[in-house]
Amino acid sequence: DIVYLDSHFVPKEQAKISVFDRGFLFADAVYEVTAVIDGQLIDFNGHFQRLQRSCKELALSLPITKEQLIDVHHQLIEKNNLHEGLIYLQITRGTDSSRFFDFPASSVPSTIVAFVQHSTVINHPNAKKGISVVSVEDIRWQRCDIKTVALLAACLAKHHAHQQGADDAILIKDGYITEGSSSNFFIVNHDNEIITRPLSQNILPGITRQAIIQLAQEEGLKITERLFTLDEAKKAKEAFISSATTLIWPVVSIDNEDINQGEVGHLSQRLREIYLDKALKK
Ligand code: PLP
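So, a few notes on the structure that sits alongside this text.

What counts and what doesn't
Position numbers for residues count from 1 along each chain, tracking the sequence in the order it is written. Under the rules for a predicted model, residues below a pLDDT of 70 receive no local features and side-chain atom pairs below 80 are neither given nor counted, while totals for whole chains, interfaces and linings still include all residues. Each side-chain value is worked out from all heavy atoms of the structure, with water and hydrogens disregarded. The secondary structure listing takes helices from DSSP runs of H or I that are at least 4 residues long and strands from runs of E that are at least 2 residues long, numbered from the N terminus. Note that the radius of gyration is over C-alpha atoms, with the globule rule given as 2.2 Å times the number of residues to the power 0.38. With a 1.4 Å probe rolled over the protein chains alone, any residue whose accessible area is under 20% of its type maximum counts as buried; one over 50% counts as exposed, and the rest are partly exposed. Whether two residues are in contact is decided by their heavy atoms: any pair within 4.5 Å suffices. For the accessible areas, the method is Shrake-Rupley and the probe is 1.4 Å, while residue cover comes only from the protein chains on display. Neither His nor the chain ends contribute to the count of charged residues, in which Lys and Arg are positive and Asp and Glu negative. Where a charge lies is defined by one atom per residue type, namely NZ (Lys), CZ (Arg), CG (Asp) and CD (Glu). A helix's residues, less one, multiplied by 1.5 Å, set its expected span. Relevant arc is that of directions from the helix axis to the C-beta atoms, nothing else. Near residues are defined by distance, with any heavy atom within 4 Å of the molecule or strand qualifying the residue. Identification of polar contacts relies on pairs of N or O atoms within 3.5 Å, with a donor-acceptor requirement for protein atoms, meaning one able to donate a hydrogen and the other able to accept it, and with residues adjacent in sequence counted only if both atoms are side-chain atoms. By convention a nonpolar core is built from buried Ala, Val, Leu, Ile, Met, Phe, Trp, Tyr and Cys residues, the set being connected through side-chain atoms within 4.5 Å. Only the stretch in contact is used when a helix axis is fitted, and all axes are lines through C-alpha atoms; the angle between N-to-C directions ranges over 0 to 180 degrees. For classification purposes, an angle smaller than 35 degrees is called roughly parallel, one larger than 145 roughly antiparallel, one from 65 to 115 roughly perpendicular, and anything else oblique. To count toward a patch, a residue needs a relative accessible area above 30% and no salt bridge. Like charges then connect within 9 Å, nonpolar side chains (Val, Leu, Ile, Met, Phe, Trp, Tyr) within 5 Å. By definition here, a salt bridge exists when the distance from a side-chain nitrogen of Lys or Arg to a carboxyl oxygen of Asp or Glu is within 4 Å. Two helices crossing with the near one rotated counterclockwise from the far one by less than a right angle form a left-handed crossing, whereas a clockwise rotation gives a right-handed crossing. Polar here means any residue outside two lists: the nonpolar Ala, Val, Leu, Ile, Met, Phe, Trp, Tyr, Cys and Pro, and the charged Asp, Glu, Lys and Arg; Gly therefore counts as polar.

### Points about the overall build of the chain
Phase 1: Secondary structure summary: the chain contains 8 helices and 15 strands in total.
Phase 2: Against the globule reference of 19 Å for 282 residues, the chain gives a C-alpha radius of gyration of 19 Å, in line with a compact fold.
Phase 3: Its C-alpha atoms give the chain principal-axis dimensions of about 55 × 40 × 35 Å.
Phase 4: In the chain, which comprises 282 residues, the share counted as buried stands at 52%.
Phase 5: By sequence separation, contacts in the chain at least 24 residues apart represent 72% of the contacts at least 6 residues apart.
Phase 6: A total of about 13800 Å² of accessible surface is found on the chain, and carbon and sulfur atoms cover 51% of it.
Phase 7: With 29 positive and 36 negative side-chain charges, the chain shows a spacing of 2 Å between the two charge centroids.

Okay, here's the thing in C-alpha cells:
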C-alpha cells in the first residue's frame, strides 16, 4: 500500500514518524475516517467540516485546504486501487525536540498522515445478520465531541465486549446510553419512533448519524433526539449502530437479551438501504 505522509506518497514500509511526534507521546491529534464505495468518497464534506471543528477546539492548525485533502484522498484511492473500504486521516500537533507538555511554537508544522483500509462496506455480513453488544461504563473524558486519537477507553470497551463473546460495546453514563465504542447508537420503539441521544460533549457528532436523521425526516419517519436508558434499549423493537465504517448495522442483542427475537429489524434494514442508495447517487 501507498501511504500519504507530510506531502509525500510513500510505500507503507517507508512511512515513519518521529518518537517525539505529539500524536505518539500525548495523543495530541485528531482524525477522520471516510468510507469509500465504488471508488467514491461518502459524505466527505461532513467529515471535513468536523475535522475543522476538532482542530479549532484544540487550537491545532490545519495546514491543508479542503481541495488539497480531497486530492490526497483521491490519489490514495487511485494509487492503492481502492474500490471499497476506508480512508484514515490523522493530523497531529507535530514533532517537538523533547517531551514538553506545552504546545510547541506555532512554526512547528503539523504531521499529516493518511492511508487506506481495504474492507467490505456494502455486503458486510454484520449488515445482514446484525451484531450483539454488551454495556460497559463510559469512562471516557468530557470532550467526546472532539474526534481525537485518545481512544484507549474505546479499545478497552471493545476488548471487554470481545472477551464476553459480543461484537461490540455500548457505553453507559449516569444510567443513560451515550453511544457505541466507535459508533452512534439508535433504538426504535414500538411506535416506530427512532430515538438517539442528542448532541453534547458526551458523544461524537457522527456524520452518518446526521445523515440518518436527515433521511429519516425526508422519509417522514418519526425521529427524536433524547436520552434513553439501557433498560429502554433492551425493551426496544429495534436497535442499530451507525458509523462511516459500518454505515448502519442492526443490533440484535444487548447484554445477551434478544432485541426483536434476535432478528434484524425492518426499519434498520430500510434505513441502511436508503442511506446506501442516496450515498451512491451523490
Ligand atoms: N461515535 C464514536 C465514538 C466514533 O468513534 C464514531 C466513528 O468512529 C462515531 C460515533 C460515528 O461517527 P461517523 O458516523 O462520523 O463515522
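Having seen it, we continue.
### Brief notes about helix α2 (residues 44-57)
Phase 1: Over its 14 residues, α2 extends 20 Å from the first C-alpha to the last, a length consistent with the 20 Å expected when each residue adds 1.5 Å.
Phase 2: Listed as buried for α2 are Phe44, His47, Phe48, Arg50, Leu51, Ser54 and Cys55. Down the axis of α2, the buried set is contained in an arc of 165°. They therefore lie on one face. Facing away from the buried side of α2 by more than 90 degrees, the exposed set consists of Gln49 and Lys56.

### Concerning the site of the ligand
Phase 1: Around the ligand sit 17 residues, and of these Arg50, Glu179, Ile207, Thr208 and Ala244 come closest.
Phase 2: One of the backbone N or O atoms of Ser183 is found 3.4 Å from a nitrogen atom in the ligand.
Phase 3: Within the backbone of Ile207, one N or O atom sits 2.8 Å away from an oxygen atom of the ligand.
Phase 4: Protein burial of the ligand: of its 380 Å² of free accessible surface, 93% is covered by the chains.

### Quick notes on the environment of Ala233
Phase 1: Residue placement: Ala233 occurs in helix α7 (residues 230-234).
Phase 2: Along the sequence, Ala233 and Val188 sit 45 residues apart, while their C-alpha atoms lie 8.5 Å from each other.
Phase 3: Filtering out sequence-adjacent residues up to four positions away, Ala233 remains in contact with Ile177, Phe185, Ile187, Phe228, Ile254 and Ile259.

### Focus on the nonpolar core
Phase 1: Among the nonpolar cores identified, the biggest contains 29 residues, and Ile194, Phe240, Leu271 and Tyr275 are the most heavily contacted of them.
Phase 2: Those elements that provide at least two residues to this core are β3 (29-37), β5 (85-92), β10 (184-188), α6 (207-218), β14 (247-254) and α8 (266-281).
Phase 3: Considering each element in turn, this core owes the most residues, 6 residues, to α8.
Phase 4: Other than its neighbours up to four places away in sequence, Tyr275 contacts Ile42, Asp43, Thr208, Ala211, Leu215 and Leu247.
Phase 5: Ranked by size, the runner-up nonpolar core spans 23 residues in total, among them Tyr4, Val30, Val36 and Ile146.

### A few points about the packing of α6 against α8
Phase 1: At a minimum axis separation of 10 Å, α6 and α8 run at an interaxial angle of 100°. Taken together, the axis directions place α6 and α8 in an arrangement best described as roughly perpendicular. When α6 is examined against α8, the residues Thr208, Ala211, Ile212, Leu215 and Glu218 are found in contact with a partner set consisting of Leu271, Ile274, Tyr275 and Lys278.

### Here we look at a nonpolar patch on the surface
Phase 1: A contiguous nonpolar surface patch, about 320 Å² in accessible area, is contributed by Val19, Phe20 and Phe24.
Phase 2: Along the chain, Phe24 falls in helix α1 (residues 22-26).
Phase 3: A relative accessible area of 59% places Phe24 in the exposed class.

### Section: the packing of α2 against helix α3 (residues 66-79)
Phase 1: At a minimum axis distance of 11 Å, the contact between α2 and α3 shows a crossing angle of 125°. Relative to α3, α2 is oriented oblique. The element α2 and its partner α3 pack so that their crossing is right-handed. Of the residues in α3, those in contact with Phe44, Asn45, Phe48 and Leu51 of α2 are Lys66, Leu69, Ile70 and His73.
Phase 2: Split by residue class, the contact of α2 with α3 holds 5 nonpolar, 2 polar and 1 charged.

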